[in-house]
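Notes for the structure review
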Amino acid sequence: MKKLPFIFGKSSDSVNFTDREEESARLEMNFNSLINTTIISPRRWGKTSLVESVAEKIRTENKNIKVCLLDIFNVRSEMEFYEQFAKEALKGTSSRWEEMAENAKKFLSHLLPKISFSPDSQAEISFGVSWETIQKNPDEILNLPETIAKAKKISVIVCIDEFQSIGDFPESLAFQRKLRSHWQHHHNVGYCLYGSKRTMLLDIFSNSSMPFYKFGDIMFLQKISNQKWGEFIKKRFEDTNKKISIEQAEYLAELVDNHSYYVQQLAQQSWLRTKTSCSKSIIDESLQGIKNQLSLLFIGQVETMTATQLNFLKAVIDGETAFTSQENLKKYRLGSSANLKKIKNALISREIIDIPTQKVDILDPIFKLWLQEEFFK
Ligand SMILES: Nc1ncnc2c1ncn2[C@@H]1O[C@H](COP(=O)(O)OP(=O)(O)O)[C@@H](O)[C@H]1O
Ligand SMILES: [Mg+2]
């Protein structure tokens, strides 16, 4: 099958990657100068794509910098973190499997490491000592990137995706302290820690009583602009011998609030429906298709919300901003203003809304549309 000109659900490869010039340059500079970086944005705006794209560039341009990428979305505990961290540190700095196994023996000798390879050639690491032993003395693991960097006379960048997961670990704060106390002594390693859940990550990185306070450069990744999306969509259509006007391309991105994941999805659906030239009705039809396809998921989502949470979302959809006014508290049955705070925090924590300034944003543009057109109608 021919490759589609638009992809979503996996991080963007080079032809599919657009814009982000400033952010890429800043991140590349940080990587080259080993400045620690934190990147924060809601889900699916493009953090992983950005980091992978810069990592790829560094890998090809500078043989003396090795990049290790780990994703801790499914990591639930300190022990799992150590396994993942050791594995990716070894993998990212070794060019062959044999070298990986050798380095494990050499640099983690006290932990009696064993590397095994599954049929799909994924490496797994396990340790011959007890969990208590590792927990008491995780130095070899947490210092592994620095040890390897020194031994090989290289620099190492360690990128940890979905970093907000750390907040849910048992004894998270003590663990964060452990990480920071090791990593702050690394002079040949740069860390890039990124994820969603702005409020939670901000607490970790900019609260003076938290271990990661002043850890490095904090980047708030914004959305790609409507103009850039327009140019990108038009070009991808043309590359594949189809047509879309710049106005329609911008309209397409605007419909889904310029949300990276959904722009790609809507563009792909519209492209598939287009024989030669894409029209407004094709775009509208594609949007309805995506909304219908997701409606079961959304129904599941609202089923797990409380009545007041839904009342609050209704007020947001209606364009209200003065939630604490007596009139609105009553009209939307929001309870007290103290209760309102609880509602907001619960919805923020579930990544349904974000309140970066004063305005409440519903993060998923299709969910918002579905609430508007189906649920609250
Ligand atoms: N710079 C970009 N150019 C084009 N598409 C992008 C870009 N960044 C993200 N996307 C699209 O958005 C989707 C989600 O991006 P991703 O990097 O996984 O977001 P995050 O890591 O913030 O959750 C990607 O699969 C891709 O389709
Ligand atoms: Mg991601």
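One can find the structure itself at the top, above this paragraph.
Computed from a predicted model, the values in this text were never measured in an experiment.

**Points about the site of ligand 1**
- Around ligand 1, 22 residues are found, and the nearest of them are G46, K47, T48, S49 and S260.
- Elements supplying a minimum of two residues to the shell around ligand 1: α2 (47-61) and α12 (260-273).
- Each of domain 1 (20-220) and domain 2 (226-300) gives at least three residues to the shell around ligand 1.

**Some details on the nonpolar core**
- Ranked by size, the top nonpolar core spans 48 residues in total, and within it C68, A86, A89, I157, V158 and C159 carry the most contacts.
- Of the residues forming this core, the biggest block, six residues, is contributed by helix α3 (residues 78-93).
- In this structure, I157 is in contact with F31, I65, V67, C68, G190 and C192, ignoring residues within four places of it in sequence.
- Of all hydrophobic cores here, the second largest spans 34 residues; its members include C278, I343, L347 and L363.

**A closer look at the packing of helix α11 (residues 246-255) against helix α13 (residues 280-303)**
- Put simply, α11 and α13 touch, their axes get as near as 10 Å, and they point 20 degrees apart. Considered as vectors, α11 and α13 are oriented roughly parallel to each other. Helix-helix and strand crossings are classified by hand; for α11 and α13 the assignment is right-handed. Residues Q248, Y251, L252 and L255 of α11 form the contact with α13, whose own contacting residues are K280, I283 and L287.

**Structural notes on the sheet that holds strand β2 (residues 65-71)**
- With parallel pairing, the five strands of this open sheet are ordered in space as β2-β5-β6-β1-β7. Whereas interior strands pair on both sides, the edge strands pair on one side only; in this sheet they are β2 and β7 (217-220). Neighbour-to-neighbour, the strand axes of the sheet open up by a mean angle of 15 degrees, direction not taken into account.
- Relative to β7, strand β1 (residues 37-40) runs parallel, the two sharing four bridges. Residue pairing in the sheet places T38 in a bridge with I218 of β7.
- Running over the sheet, α2 touches β1, β2, β5 (155-161) and β6 (189-195) and is turned about 155 degrees from β2.

**As for the packing of helix α14 (residues 307-317) against helix α16 (residues 337-349)**
- Orientation of α14 relative to α16, taken along the N-to-C sense of each, is 85 degrees, at an axis distance of 10 Å. It follows that α14 is roughly perpendicular to α16 by the angle criterion. Residues T308, Q309 and F312 of α14 form the contact with α16, whose participating residues are N339, I343, A346 and L347.

**As for the environment of N64**
- Checked against the element boundaries, N64 lands in the loop between α2 and β2.
- A tally of 10 C-beta atoms within 10 Å means that N64 is categorised as exposed.
- Considering only alpha carbons, one finds N64 and A149, 85 residues apart in sequence, at a separation of 9.5 Å.
- Among residues more than four places away in sequence, those in contact with N64 are I154 and S155.

The rules behind the values
Residues numbered from 1 in each chain as written. Chains lettered and ligands numbered in written order. Predicted model: local features only at pLDDT ≥ 70, side-chain atom pairs only at ≥ 80, totals over all residues. Near = placed C-beta within 6 Å. Helix = DSSP H or I, 4+ residues; strand = E, 2+ residues; numbered from the N terminus. Domains from an automatic or database assignment. Core = buried A, V, L, I, M, F, W, Y, C linked by C-beta atoms within 7 Å. Buried ≥ 20, exposed ≤ 12 C-beta atoms within 10 Å, placed from the backbone. Contact = placed C-beta atoms within 7 Å. Axes fitted to C-alpha atoms, helices over the stretch in contact; angles between N-to-C directions. Parallel < 35°, antiparallel > 145°, perpendicular 65-115°, else oblique. Left-handed = near helix turned anticlockwise from the far one by under 90°. Pairing = 2+ DSSP bridges.

None of the figures reported here should be taken as evidence of function without further support.
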